[in-house]
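The primary structure of each chain is shown beneath.
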Number of protein chains: 2
Amino acid sequence: MQKTKAKPAAKTRIQSENQDLILKAALDVFSTYGFRGSTIDQIAIKCGLSKPNLLYYFRRKDDIYAAVLEHTLTQWLAPLRMLDVGNDPIAELTRYIEVKLDMSFANPAASKLFANEILHGASHIEKYLKGPLKELVEAKAAVIQQWIVDGKIRAVDPTHFIFAIWAVTQHYADFSVQVETLLKPSEKPATIKAAVVEILLRGLKVT
Amino acid sequence: MQKTKAKPAAKTRIQSENQDLILKAALDVFSTYGFRGSTIDQIAIKCGLSKPNLLYYFRRKDDIYAAVLEHTLTQWLAPLRMLDVGNDPIAELTRYIEVKLDMSFANPAASKLFANEILHGASHIEKYLKGPLKELVEAKAAVIQQWIVDGKIRAVDPTHFIFAIWAVTQHYADFSVQVETLLKPSEKPATIKAAVVEILLRGLKVT
DNA sequence: TTCATTCTTGATCAAATGGTCAAGACGCGT
DNA sequence: ACGCGTCTTGACCATTTGATCAAGAATGAA
């Protein structure tokens with residue numbers, strides 16, 4: 001026994017591969033059917049593993065869900081972290097909105113996963129909301145506030161403006177069924193991006 | 001047998017009362033836990049009836065859900081129907097946004113019910129989306145377009161603007177847990193309404 | 001090759017849950 | 001008070017589903 005007595009995180013090749021497979025499949029399934037609406041069997045079938053095998057890697061259904069949620073959280077909030085007070089406000093906010101929309105188009109599952117979680121009370125990410133997310137939002141609201149103080153954009157409630165950006169951009173992922181039904185099928189992402197940026201930012205531009 | 005051979009809809013007093021009880025309880029439960037996450041027992045307990053009794057009025061879980069959904073649909077879309085091309089655009093849109101926000105604050109369950117339904121594919125209201133809702137949205141988009149043509153508001157994509165109003169206003173119901181966590185608890189509905197109206201409408205005003 | 005460790009799964013269990021049914025309680029017009 | 005139709009429910013059933021386990025298969029370091 002050459003190794004140290006406790007081996008906390010020595011992951012096997014097979015472990016990485018299979019956990020990755022499971023998390024990918026679980027994101028699909030959970031985002032489509034919600035936590036209660038999803039079954040371990042669905043996830044197992046989707047990633048080609050047997051149900052007991054899946055429970056070998058994650059002992060409970062809840063553990064899979066928590067892992068997927070955590071795995072997606074960082075990625076989803078990343079673009080907001082990049083909001084930089086040093087750059088031009090309109091350019092910076094345009095970029096943020098466009099990146100969020102691109103994410104909604106490219107990975108609607110991630111958005112739907114969060115929508116489900118929040119809709120059902122956010123019990124799994126309560127700590128995260130009250131801690132890191134709250135801090136991040138306060139920091140970025142301060143950035144917007146600074147732009148206002150500097151006279152670079154017109155006055156607006158920074159926090160509610162962030163909410164508005166989230167609401168509108170994630171709407172195209174969470175409500176994609178409705179959007180696709182009500183929109184002409186010819187509508188291209190670029191058109192949508194232009195329309196959304198105009199709606200959200202035109203009111204901020206100084207004359 | 002004095003009555004006509006077939007009696008299609010002669011509702012008893014008890015029937016009306018209990019169906020009403022059930023629909024109220026079902027709205028609460030379904031909007032909180034989603035369709036799959038809700039059990040007939042939960043609804044039965046919440047309205048003080050036994051499970052078999054509940055299934056006497058609605059033979060299947062799906063029937064309860066469909067009834068609640070239909071019962072709420074009309075009410076939820078009503079304010080959009082009132083959008084009148086003859087009135088002042090900013091006043092009309094301000095009223096619409098404020099009514100939608102009031103509904104989100106007063107009856108978040110209705111909003112959450114729809115959010116859940118759309119999020120999970122909208123299979124129960126597919127017909128409604130493609131039919132009446134699509135017609136309504138097209139009609140009201142035309143109203144906004146007319147305002148633009150008349151030079152009363154600045155140019156904007158009408159359909160995406162309607163989406164933006166829906167997204168932002170319903171966000172305060174669907175994501176209420178998140179909103180309440182990130183907002184100062186002192187924030188009043190009137191403050192929120194003013195902020196949202198400003199964010200959505202300032203860009204439309206002609207200079 | 002050896003063999004301890006890791007990985008895989010068929011069989012199985014207990015609980016939850018949608019739904020049924022027959023028997024009885026109740027409401028209400030006469 | 002009577003009697004028919006409405007309403008109510010305890011007991012029960014079949015299926016789904018999260019989770020367990022023991023036994024066997026694959027892996028990989030020496």
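Residues numbered from 1 in each chain as written. Chains lettered and ligands numbered in written order. Predicted model: local features only at pLDDT ≥ 70, side-chain atom pairs only at ≥ 80, totals over all residues. Heavy atoms only, no water.

Enquirer: Talk me through the overall build of chain A; I want residue IDs and the actual numbers.
Expert: Within chain A, the regular secondary structure consists of ten helices and zero strands. On the principal axes, the C-alpha backbone points of chain A span a range of 70 × 45 × 30 Å. Relative to its full complement of 207 residues, chain A shows a buried share of 51%. When contacts within chain A are restricted to residue pairs at least 6 apart in sequence, long-range pairs at least 24 apart make up 70% of them. Considering chain A, the positive charge centre built from 27 side chains and the negative charge centre built from 22 side chains are found 6 Å apart. (Helix = DSSP H or I, 4+ residues; strand = E, 2+ residues; numbered from the N terminus. Buried < 20%, exposed > 50% of the residue type's maximum accessible area, 1.4 Å probe, protein only. Contact = heavy atoms within 4.5 Å. Lys, Arg positive; Asp, Glu negative; His and termini not counted. Charge placed at Lys NZ, Arg CZ, Asp CG, Glu CD.)

Enquirer: So what about the relation of the copies chain B and chain A? Which residues, and what values?
Expert: In this structure, two copies of a chain are linked by a rotation about an axis accompanied by a shift along it. Mapping chain B onto chain A leaves a residual RMSD of 0.1 Å; the transformation is a rotation of 180 degrees accompanied by 0.0 Å of translation along its axis. Seen this way, the second copy is the image of the first under a two-fold rotation axis. For chain B, the smallest separation between a C-alpha atom and the rotation axis is recorded for B:Gly203, amounting to 1.9 Å. Mapped onto chain A, 98% of the interface residues of chain B again fall at the interface, so both copies present the same surface. (Least-squares fit on C-alpha atoms with pLDDT ≥ 70 in both.)

Enquirer: Any chance you could break down the protein's contact with DNA strand D for me, citing the residues and the numbers?
Expert: Taken together, 22 residues sit near DNA strand D, with A:Arg13, A:Lys61, B:Gln15, B:Asn53 and B:Tyr57 positioned nearest. For DNA strand D, the fraction of protein-proximal atoms (within 4 Å) that sit in sugar or phosphate groups is 69%. Between B:Ser50 and DNA strand D, the recorded distance is 3.1 Å, taken from a side-chain N or O atom to a phosphate oxygen. Side-chain polar atom of B:Tyr56 to a phosphate oxygen of DNA strand D: 2.9 Å apart, as the coordinates give it. Elements that contribute at least two residues to the surface near DNA strand D include exactly α1 (13-37) and α3 (51-57) of chain A together with α1 (13-37) and α3 (51-57) of chain B. (Near = heavy atom within 4 Å. Polar contact = N/O pair within 3.5 Å; in protein donor to acceptor, adjacent residues only side chain to side chain.)

Enquirer: Kindly report on the protein's contact with DNA strand C, identifying the contributing residues and their values.
Expert: By nearness alone, 21 residues border DNA strand C, and A:Gln15, A:Asn53, A:Tyr57, B:Arg13 and B:Lys61 come closest of all. B:Arg13 has a polar side-chain atom sitting 2.9 Å from a phosphate oxygen of DNA strand C. For DNA strand C, a phosphate oxygen lies 2.7 Å from a polar atom in the backbone of B:Lys61. Elements represented by at least two residues in the surface near DNA strand C include exactly α1 and α3 of chain A together with α1 and α3 of chain B. A breakdown of the residues in the surface near DNA strand C according to their chemical character gives eight nonpolar, seven polar and six charged. (Nonpolar A, V, L, I, M, F, W, Y, C, P; charged D, E, K, R; others polar.)

Enquirer: How would you sum up the pattern of salt bridges? Please name residues and give values.
Expert: Under the defined criterion, the tally for this structure stands at 20 salt bridges over all chains. Across the pair A:Arg202 and A:Glu198 runs a salt bridge, and its minimum N-O distance is 3.1 Å. The salt bridge involving B:Lys134 is made with B:Glu138; its shortest N-O contact spans 3.7 Å. On the criterion of helical spacing, the pair formed by B:Lys134 and B:Glu138 is a turn pair, its members being four residues apart in helix α7 (residues 126-149). (Salt bridge = Lys/Arg side-chain N within 4 Å of Asp/Glu carboxyl O.)

Enquirer: I'd love a proper account of the domain arrangement of chain A, names of residues and values included.
Expert: All names here are of chain A. We note that the domain assignment places domain 1 (12-59) and domain 2 (69-204) within chain A. The C-alpha centroid of domain 2 is placed 29 Å from the C-alpha centroid of domain 1. Taken together, the contacts link six residues of domain 1 with eight residues of domain 2. Summing both partners gives a buried area of about 540 Å² for domain 1 against domain 2, and 71% of it is carried by carbon and sulfur. On the domain 1 side of the interface with domain 2, the three residues burying the most area are Leu23, Leu27 and Ser31, jointly 67% of the side's total. At the junction of domain 1 with domain 2, the criterion picks out zero salt bridges. Connecting domain 1 to domain 2 are zero residue pairs in polar contact (both at pLDDT 80 or more). Taken together, the residues that form the side of domain 1 that touches domain 2 break down as three nonpolar, two polar and one charged. (Domains from an automatic or database assignment. Buried area = accessible area lost by both parts, 1.4 Å probe.)

Enquirer: How would you explain the interface of chain B and chain A if you had to name every residue and give the values?
Expert: Interfaces are frequently sized by the accessible area removed from exposure as the parts join. Each side of the interface is counted separately: chain B has 49 residues, and chain A has 48 residues. Summed over both partners, the interface of chain B with chain A buries about 4600 Å², with 67% contributed by carbon and sulfur atoms. Linking chain B to chain A there are zero salt bridges. Elements with a minimum of two residues in the side of chain B that touches chain A: α1, α6 (108-119), α7, α8 (158-174), α9 (176-182) and α10 (189-201) of chain B. In terms of residues, the side of chain B that touches chain A owes the most to one element, α8(B), which gives twelve residues. Here the side of chain B that touches chain A is composed, by residue class, of 26 nonpolar, 14 polar and nine charged.

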